Structures are given as C-alpha cells and as structure tokens.
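Tertiary structure, described
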Amino acid sequence: MRIPELKIEEIRASANILDVISGYVQMRKRGKNYIGLCPFHQEKTPSFTVSEDKQIYHCFGCHSGGNVFKFLMEYRNISFVESVQEVAEMLGIKLSFDNETYTQEQTENELLYEINVLAAKFFSNNLFNSDDGEFAREYLKNRKIKLATQRAFGLGFARPEWENLLFYLKENNVDIEKALQLGLIDKRDDGGYYDKFRGRLIFPILSPNGRVIAFGGRVFENDAKVAKYLNSPESIIYLKRKSLYGLFHSKDEIRRLDKVVLVEGYMDLISLYQGGIKNVVASSGTSLTEDQVHLLSRFTKNITVLFDADTAGEKASLRSIEILLKQDFDVRVVSLPENEDPDSFINKFGKDAFEEKINHAKNFLEYQTAQYEKRGDFQDPVKQTAAIRELVKSAALVNDELKRNILLKSISKKFNLREKLLEAELDNFLTSERIKEIRAAEFKTISNEQKKDGLADSIKSSSLGSQFEKEIIALLFEGNTEVIGNVFDHILPEDLSTEQFKKLAQMVYENYLNDVTAPSALIEKIGDEETKNFIFSLALNKEIISKRWEEYSYNAGVDADLVQYSRDVIKKFSLIKIEQQIKENNEAITQLENENEIMDLMRLNKELTEEKRIVQNGSGGSL
Ligand SMILES: [Zn+2]
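This one's a predicted model, so the numbers in the text were calculated from it and none came from an experiment. (Residues numbered from 1 in each chain as written. Predicted model: local features only at pLDDT ≥ 70, side-chain atom pairs only at ≥ 80, totals over all residues.)

Quick look at the overall build of the protein chain now. A count of helical and extended segments in the protein chain gives 26 helices and 16 strands. Counting the 623 residues in the protein chain, one finds 35% classified as buried. Taking all contacts inside the protein chain whose residues are at least 6 apart in sequence as the whole, residues at least 24 apart take part in 62%. (Helix = DSSP H or I, 4+ residues; strand = E, 2+ residues; numbered from the N terminus. Buried ≥ 20, exposed ≤ 12 C-beta atoms within 10 Å, placed from the backbone. Contact = placed C-beta atoms within 7 Å.)

This is how it looks when you write it as structure tokens:
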C-alpha cells in the first residue's frame, strides 16, 4: 500500500504528537515541554521529552527521537505506512491511494514485505497442496499439529530443490537483489542464485502487527551436518533482537491474563497455543535480549520462563532471567521433567497438567538455588559461598526495594545465614551495579533541599560544597570551550578545596589557554591513575549532569543547555564560598578581642553580603 507524499504531510500537520504519545506514555508538563519515563530505555527519572510546539520527541537518555510517525514505528514495531495509517485513522482522515507518488522509504519496506508475503504463500502452498508436501504434512501429523493450527501460524514447506523459490520469484518479477537482502536466496560464486531454505519446515516470523518480517526453517530429521534451524538474516524489516516469535498471536491473551509464558522454540509455542495456553512467546532458542524484554513489558510484567532441561537451556534461562529482573519483571521458572520439552509435555499430559506446572512455578531464586543444589555446590564450602553470592547478586538486580528485601530474607532463611551478612553483600553489588542511580538520587535530594530550605541551610552539610566542586570539575571535562571559559571567569583553581581538584583545574586551565579542551585530550594529560579513574567516574556521572541540564532544555539545543547549567553551578558555588567565608568571619568575631580586628571582619562581611546579593540577583556580572 502506498500513500501519496502530500497526504502524509497533511496527516503529519493535523496530528498532535502529544495526544498520540500520551496514549502510551504518561506525560507531565515541565516548562514548555512535556516529560515522561522513556519507553525506549529503562529509567527512573524522566528524560523523555515531547515538544508540542515543534511536534517532536527526544530522549536525553537514549537519544531516540523524531516525529509522530517515528514514535509509532519505534513503539509499536510497525512500518512507516502502518504508522501513517494509524495516525490517519485517529484523525478520521481518509486515505487515498496513489500509485505514482510515494516516498522512497515506504516503497522500500513495502516491497520487502510484499516479497515475504509472496514467499510465505509459496511455502504454504507447497505444504498444503503439493505432492511432495505429503512428507511434511505427515511430519506435522506425527507432531500432532492440527491443520487449523498450521494455517493459523502460516506454516510452510521449502522443497529440497535448489532453485524452487528462486524460479517462482523470477516468475513473479521480484527484484532478486531484494530477495537476497531478505535472505530468501543466496548468491553462488559464479554469480547465480539459489534457495536458502531447502527441505525445511517453514515458520513465518511476524511483527507484533502481523506482517511477515522473516522466516525460520527447521529440518525434518536431525542431521549433524545441517543446522537444525535456519533463520532469515536481519534486514531493514527484521531486527532479531527486537522480535519475539508468536507475539502477534498471543499479545491479546497476554494482555488479558497479564502474564506470559516464555518458551524456546517455534514448535513449543505452537503446541502450547494449540493446547490452549495462548499467552505464550518464544525466544527462538537464545537468551532474551533487552529489547525483547522491553517489547514484552508493554503487555505484561509477569513471566514464567520455561526452558528445556539441558545445560544450554539452563544457561540461556539464567541469562534471560537476569535481563527480566533488571526490567522489574516478576519472574517464575518451570523446569520440566528430564527429556521433556513443552511440546512433548503438553501433548503427553495435556493442558491441565501444564497449567498445574505453571501455577506451581518457583520464583527465580528458588529455581537458581535448586540448580546449585543439583550441581552439589552446597556440599563444598567454597562453592557454597560462591553460590550464595550469586543468589544475592540476582536479588540485587531487582529494582523494587521491598521485593529485594523479601528475597534477601528468603536466602537468609534458606541457608541459615545472618541477614546482616547478606545485606553487606547486597550493598556491594548495589554500589557497583547502581552507583549511577544512587548518585542521581542524591543529586536530586540535594537540589530539592535547596529549593525547600534555601541555600544557607543546605550548606550546613559541608559535602555540598565539594559536590558542586565535583560538578565544576565535571564541567571542565565536557569538552565545551564556552563552559570552560565561564568557569575560569569566576573560579580560580586555588578556589577549590582539595589538592586534587586544584591540580586538575590548573591543568585544564593551562590547556584551555592553549586551545586544548577535548576531554579525551585532557584525560590523556592526567598523570596518576587514581585521578584518571576519578575523572572517568565523573564522566559516567555525565548522565546525572545531563539530567539536571534537562531542566533547562525548554527550547535551546543541548550545548546551550550546558552553558546555562554551568552558569547555575558556578553561581551556586560562588554563593557557597561567600557564605562559608561569612560564617568563618562570624566565628572569628566571637573569638577576637581586638576591636579593630573585629571591625575589619565586620566590614569584610558587609562587603561579602553585598557580593552575595549581586551574585544572587545575577546582576553586575555575567552570571
Ligand atoms: Zn530513552
């Protein structure tokens, strides 16, 4: 389907991006813009910004951004045309179709989809209607896959010949280069082409919206010389890490039940679905990716992981669990009896027995413990320590503090260990795993306190001054000449409180005078490793800094925000310095006996108070 360019413009102009995005992400007003938690990456502090004025969105965390169509494409995993259609539908705009004017992008994608549909029909026809499809039909019958299920999942059969699909595609005037791009055919050394899928059962892989984006092919008999599964390579319409097999079929049921069952293979999924377990997706044999988990999280956060009992399956499941925990999923694990997979299990024991298994699924910690127990890790004291550490590490991945504590309690109970001991261990992981988030939270508290109590009160905590000093150092390593200049216009290296900071600032100052400001260049010039590491850790904190200058990002570009932000930091730092000086003077005044000295200090304080006022009002200087 093709939509004329002018129509697309009309739709774009009539749509309000805020209305569309608000349908998926909770947005709240901040200044001129709206902010919310980014749907494209995991975060706790909103960095996803929508501008109603400009009709664009941008995430300061993961840098995704674009217009209304781009948002729908990314969020829903749909094509450009689909996103235009969707917006048109929302607006009640009728689409007229035109075969002459259309954009390059949609043409490209649509052509690929069309080729895949053609191939899917070809494979399906082979399975259901061809004579040599009898073999495949018999196979599916033995696997107890009903005809209706075969049709529902669009199963197909690739014949063993080398140029079967190729011939069909040529007959239908398909651009062979495009079919090559989709991995349906491959190129011979002599320049000719041949079918990629031969002698295989074909599983079309669909987008969550039901478009054919790729194929999986399974051999009928296991043969060590041939790969059991063959999958389409990635293409512009198929990103492996972002697609889940079966989601198109199961998404409604997943949403309805608010839980999902994760299996490994195509056959597992199809058998369960046929058996009445319809809230199921398949990872296709590998461990889950973050993108897949993210995709899934739009439907539910409750998952039961079901993996084969072999070692590879267990490894994959442990890795998957880790990713799921990080995205706050409630994870349960089912291990099936030896030599059973979901496919064989449901065929043998039926739906009720399967549901029984699901209902008694262990939480991931119990599962992990059982794995270690099975390996005999708890017999050996050294291994036991390592195992417990691993368990605590898993618990540390859980974002929800309450859940985390419950898990910790259950570990301590199970192994008869003091909770305090485990807590210490947990803290270790938390500090390494979540150092950024914790720091972000600290920064937030500090700035909130300032708003609430005023600056004078908050400087009681001496760490605040050094906190700002840290930010000043961080600003010096942002690679922005204007910012560095601003800093040195108001702060001299010797104004900083520690030797390390003084030295660093001095080094940057000298380089700045020689026009060297690139962070990579500056870091190179740091002599000792400890300081270098400190700067690297500050660089990691950049995220926090950018979070804070997000507050300034109503209209201006990122660099302008940074400049504005640096002004604010410099101002606050200067105020802290002045107040500290006044406070010290006041203390000295109470100690001194010489009246002249007291008068001098009082005069000094008067000047400082005036200076403070000037800085605060932002007048009299460039601040
Ligand atoms: Zn993001």
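Still more ground to cover, so stick around.
The next thing to look at is the sheet that holds strand E10 (residues 212-219). The four strands lie next to each other as E6-E9-E10-E11, forming an open sheet whose pairing is antiparallel. Strand pairing shows two members of the sheet lacking a second neighbour, strand E6 (156-158) and strand E11 (229-231), which therefore form its edges. Each strand axis lies, on average, 30° off the axis of its neighbour in the sheet, ignoring direction. (Pairing = 2+ DSSP bridges. Axes fitted to C-alpha atoms, helices over the stretch in contact; angles between N-to-C directions.)

Let us now look at the packing of helix H3 (residues 68-76) against helix H4 (residues 80-91). H4 packs onto H3 with a crossing angle of 115° between their chain directions and a minimal axis gap of 9 Å. Note on packing geometry: the crossing formed by H3 with H4 is right-handed. On the side of H3, the interface is formed by Val68, Phe69, Leu72 and Met73, while H4 contributes Phe80, Ser83, Val84, Glu86 and Val87. Across the contact of H3 with H4, the residue classes break down as seven nonpolar, one polar and one charged. (Left-handed = near helix turned anticlockwise from the far one by under 90°. Nonpolar A, V, L, I, M, F, W, Y, C, P; charged D, E, K, R; others polar.)

Let's shift gears to the confidence of the model for the protein chain. Taken as a whole, the protein chain shows an average pLDDT of 81; of its residues, 85% reach a score of 70 or greater. Scored below 50 in pLDDT, residues 434-462 shows 24 contacts in the model against residues more than four places distant or in partner chains. Low pLDDT (under 50) marks residues 619-623, which in the prediction has 10 contacts with non-local residues, meaning those over four places away or in another chain. (pLDDT = per-residue confidence, 0-100.)

What follows covers the nonpolar core. In terms of nonpolar packing, the biggest core is built from 88 residues, with Leu269, Val281 and Ala395 touching the most fellow members. For this core, the element with the highest residue contribution is helix H16 (residues 381-397), accounting for seven residues. Counting residues domain by domain, this core receives three or more from each of domain 2 (104-238) and domain 3 (247-403). The contacts of Ala395, once residues within four sequence positions are left out, are Leu365, Arg404, Leu407, Leu408, Ile411 and Leu426. Of all hydrophobic cores here, the second largest spans 27 residues; its members include Ala15, Ile17, Ile35 and Cys59. (Core = buried A, V, L, I, M, F, W, Y, C linked by C-beta atoms within 7 Å. Domains from an automatic or database assignment.)

Taking 1.5 Å of rise per residue, the 15 residues of helix H17 (residues 401-415) would be expected to cover 21 Å, and the 21 Å separating its terminal C-alpha atoms lies within 8% of that figure. Buried within H17 are the following residues: Leu407, Leu408 and Ile411. Take H17 and look down its axis: the buried residues cluster within an arc of 100°, on one side only. Away from its buried face by more than 90 degrees, H17 exposes Leu402 and Lys413. (Expected span 1.5 Å × (residues − 1). Arc of directions from axis to C-beta.)

With that out of the way, let us pick up the sheet that holds strand E14 (residues 302-307). If you walk across this open sheet you meet the five strands as E13-E12-E14-E15-E16, and the pairing is mixed. The sheet is open, and its two edges are formed by strand E13 (280-282) and strand E16 (362-363), each paired on a single side. Pairing geometry for strand E12 (residues 260-263) and E14, over three bridges, is parallel. Among the inter-strand pairings, Leu262 is bridged to a residue of E14, identified as Val305.

Every second residue of strand E2 (residues 33-36) is oriented toward a common face, with Asn33 and Ile35 on one face and Tyr34 and Gly36 on the other, all of them buried. Relative to E2, strand E1 (residues 28-30) runs antiparallel, the two being bridged by three bridges. The partner of Arg30 across the bridge, within E2, is Asn33. From the end of E1 to the start of E2, which pair antiparallel, there are two residues, and Gly31 there has a positive phi angle of about 65°. Sheet topology note: the E2/strand E3 (residues 48-51) ladder contains three bridges and is antiparallel.

It is worth spelling out the packing of helix H11 (residues 266-274) against helix H14 (residues 342-359) at this point. Where H11 contacts H14, the two axes come as close as 7 Å, and the packing angle between them is 25°. Between H11 and H14, the interaxial angle falls into the category roughly parallel. Judged by the twist between their axes, the crossing of H11 over H14 is left-handed. On H14, the residues that touch Met267, Asp268, Ser271 and Leu272 of H11 are Pro342, Asp343, Ile346 and Asn347. Of the residues assigned to the contact of H11 with H14, the class counts are four nonpolar, two polar and two charged. (Parallel < 35°, antiparallel > 145°, perpendicular 65-115°, else oblique.)

Right, let's get into unusual backbone geometry. We note that Asn173 has phi near 55°; this positive angle belongs to a residue other than glycine. Among the secondary structure elements, Asn173 is positioned in the loop between helix H8 (164-171) and helix H9 (176-181). At Asn416, a position not held by glycine, the phi torsion is positive, near 60°. Turning to its location among the elements, Asn416 is positioned in the loop between H17 and helix H18 (419-458).

Another point: the pairing of strand E9 (residues 200-206). The element E9 is largely enclosed, with a buried count of seven among its seven residues. Neither face of E9 is left uncovered, since the one carrying Arg200, Ile202, Pro204 and Leu206 and the one carrying Leu201, Phe203 and Ile205 both have all their residues buried. Two elements, E9 and E10, share seven bridges in a ladder whose sense is antiparallel. Bridging across to E10, Pro204 finds its partner in Phe215. Hairpin connection from E9 to E10: five residues lie between these consecutive antiparallel strands, with Gly210 at a positive phi of about 90°.

For the rest of this paragraph, the subject is the environment of Glu221. Following the sequence through the fold, Glu221 ends up in the loop between E10 and E11. According to the C-beta neighbour criterion, Glu221 is exposed, with 8 such atoms within 10 Å. Sequence separation between Glu221 and Tyr139 is 82 residues; the distance between their C-alpha atoms is 9.8 Å.

Attention now goes to helix H15 (residues 364-375). Helical periodicity: at 3.6 residues per turn, an α-helix aligns residues three or four positions apart in one direction. Its 12 residues place the ends of H15 17 Å apart at the C-alpha level, agreeing with the 16 Å of an ideal helix rising 1.5 Å per residue. Taken as a whole, H15 has its buried residues at Phe364, Leu365, Tyr367, Gln368 and Thr369. One or two residues past the end of H15 sits Gly376, with phi positive at roughly 80°.

Moving on, we get to the environment of Gly199. One can find Gly199 in the loop between strand E8 (193-195) and E9. You can call Gly199 partly exposed: it has 18 C-beta atoms within 10 Å. Measuring from C-alpha to C-alpha, the distance between Gly199 and Arg159 comes to 4.7 Å, with 40 residues separating the pair along the chain. When neighbours within four sequence positions are excluded, Gly199 is seen to be in contact with Ala158, Pro160 and Val219.

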